[in-house]
Amino acid sequence: MSDQQKNPNCKNWTVFKLSQTSDKNGKQETAEYSVLEDSLRQQLAVFFRHDLDSRPQGESLWFRLHIHGIGVQVSTSDVIYMVYHPHSSYIITSAIKVTYKDYVLQAVLTSLKCTQLKELQLRGKNLKSLADMTLYQQCQGSFSQYRLNQADCNPLGRKKTIKRKDSSPDALRSRLTYENLQDKKARICKTEETFGTSQQPTLERLTFQLKTRFRGQHHIPAMVGHHSPIHCTVKFEGHSVIEGIKHLGTCGLASLPLPSHLANVHSLAKNTISLAEKS
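Residues numbered from 1 in each chain as written. Predicted model: local features only at pLDDT ≥ 70, side-chain atom pairs only at ≥ 80, totals over all residues. Heavy atoms only, no water.

J.: Tell me about the packing of aromatic side chains, and name the residues and values.
T.: Pairs of aromatic rings are described using the distance from one ring centre to the other and the angle between the two planes. One pass over the structure, following the stated rule, counts seven aromatic pairs. Considering the side-chain rings of F48 and Y100, the 5.7 Å spacing of their centres and the 65° angle between planes classify their relative orientation as edge-to-face. One end of the pair, F48, is in the loop between α2 (33–45) and β2 (50–57); the other, Y100, is in helix α3 (residues 98–111), with 52 residues separating them in the sequence. What makes F48 buried here is its relative accessible area of 13%. (Phe/Tyr/Trp six-rings, centres within 6.5 Å; stacked < 30°, edge-to-face > 60°. Helix = DSSP H or I, 4+ residues; strand = E, 2+ residues; numbered from the N terminus. Buried < 20%, exposed > 50% of the residue type's maximum accessible area, 1.4 Å probe, protein only.)

J.: So what's going on with the packing of α2 against α3? Residues and values would help.
T.: At a closest axis distance of 9 Å, the pairing of α2 and α3 adopts a crossing angle of 140°. Looking at the two axes, α2 sits oblique to α3. Read as a crossing pair, α2 and α3 show a hand that is right-handed. Across from L36, S39, L40, Q43 and L44 in α2, the residues of α3 making contact are V104, A107, V108, T110 and S111. Looking at the contact of α2 with α3 residue by residue, the classes come out as six nonpolar, four polar and no charged. (Axes fitted to C-alpha atoms, helices over the stretch in contact; angles between N-to-C directions. Parallel < 35°, antiparallel > 145°, perpendicular 65-115°, else oblique. Left-handed = near helix turned anticlockwise from the far one by under 90°. Contact = heavy atoms within 4.5 Å. Nonpolar A, V, L, I, M, F, W, Y, C, P; charged D, E, K, R; others polar.)

J.: Summarise the pattern of salt bridges; cite the residues concerned and give the values.
T.: Per the stated rule, a full pass over the model turns up eight salt bridges. For R41, the salt bridge goes to E37, with nearest N and O atoms at 3.1 Å. Of this pair, R41 and E37 both sit in helix α2, four residues apart, roughly one helical turn. Residue classification places R41 among the partly exposed residues on the basis of a relative accessible area of 30%. (Salt bridge = Lys/Arg side-chain N within 4 Å of Asp/Glu carboxyl O.)

J.: Describe unusual backbone geometry, naming the residues involved and giving the relevant values.
T.: Cis geometry marks the peptide bond from L256 to P257; its omega dihedral reads 0°. Looking at the element boundaries, P257 is found in the loop between α8 (241–250) and α9 (260–263). Phi at K113 is positive, roughly 55°, even though this residue is not glycine. The residue K113 is located in the loop between α3 and β6 (114–124) in this model.

J.: Now, about the pairing of strand β5 (residues 90–94): what can you tell me, with residues and values included?
T.: The buried count for β5 comes to five of five residues, which makes it a mostly enclosed element. Residues Y90, I92 and S94 point to one face of β5 and I91 and T93 to the other, with burial holding for every one of them. Sheet topology places strand β1 (residues 13–20) next to β5; five bridges connect them, and they run antiparallel. By the bridge assignment, F16 is partnered in β5 with I91. Across three bridges, the pairing between strand β4 (residues 79–84) and β5 is antiparallel. For Y84, the partnering residue across the bridge sits in β5 and is I91. What sits between the antiparallel neighbours β4 and β5 is a turn of five residues, in which H87 has the positive phi angle 65°. (Pairing = 2+ DSSP bridges.)

J.: Could you give me a rundown of the packing of helix α7 (residues 181–195) against α8, with the residues and numbers involved?
T.: Describing two packed helices takes the angle between their axes plus the distance from one axis to the other. For the pair α7 and α8, interaxial distance at closest approach is 8 Å and the crossing angle is 145°. Contacts from K184, R187, I188, T191 and F195 in α7 reach I242, I245, K246, G249 and T250 in α8. A per-class count over the contact of α7 with α8 returns four nonpolar, three polar and three charged.

J.: Residues and numbers for the sheet that holds strand β3 (residues 60–67), please.
T.: On the basis of which strands lie adjacent, the open sheet formed by six strands has the order β2-β3-β4-β5-β1-β6 and antiparallel pairing. Whereas interior strands pair on both sides, the edge strands pair on one side only; in this sheet they are β2 and β6. Across the sheet, the mean angle separating the axes of adjacent strands is 20° when strand polarity is ignored. Sheet topology note: the β1/β6 ladder contains seven bridges and is antiparallel. Residue pairing across strands places T14 opposite R123, the latter belonging to β6.

J.: Lay out the sheet that holds strand β9 (residues 272–276) in plain terms, naming residues and giving numbers.
T.: On the basis of which strands lie adjacent, the open sheet formed by three strands has the order β8-β7-β9 and mixed pairing. Of all strands in the sheet, those with a lone pairing partner are β8 (230–237) and β9, marking the two edges. Strand-to-strand twist of the sheet, defined as the mean angle between neighbouring strand axes without regard to direction, takes the value 15°.

J.: An account of the nonpolar core is requested, with residue identities and associated values reported.
T.: W13, L122 and I245 are the most contacted members of the largest nonpolar core, which totals 30 residues. With four residues, the top contributor of residues to this core is helix α4 (residues 127–135). Listed in part, the 25 residues of the second largest apolar core include I80, I96, L109 and L112. (Core = buried A, V, L, I, M, F, W, Y, C linked by side-chain atoms within 4.5 Å.)

Have a look at this one:
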């Protein structure tokens, strides 16, 4: 499990949301670490033979579940990793084989004393980004500076006096001379108001399902008078899609301010977004 904790981005992760019961004081019930492990082991034993290992890492609990298949050799599809943040409403799992999925989720549901376990439309390889997007959903964008303690500078901090030659793309880009420097500064300012100055959560894929009317009649006159909704799917794929959307505005490739479904994508906690006409 230690190797997987050191390299979590080699797995495809899926986020599930928990609906938990509350005690008399209105606080969500969360079992102790050892109690949760024993309960999960007992619930899984009802369905199949297995090995369950657990280990805390930071503020999360990791579980490695190996389900004994028919064959002797261990298959990667028989090994499931689950990451749970205590006192939260989310659990993140690696890919689960269809034949095991219902049983594993039922065991998790009972062990965590939940009433419902819902699979969110949020998947990716970057485990840390998925956790940040769910645990700090309301603290993304420009609000992340307060969560990351970037709002105020440290009065006791000392600036580095040694300057080294920086050959990174951002440093090379800063040496360029722009004809419309004021426009570029204005675009950067508007973009930072929406996305903040820190690195955006990493998502490799983003899908928009559109059920809207066509609004480009001035480009295609033949579509004038066509008012019925158009169904189409638009996919963004890359190393970091949200960071790419952020740079669309700063590079002048998109009009600012960005529409809400793009400007707030870091706070939606989902990969698949449906856009439809307002009723």
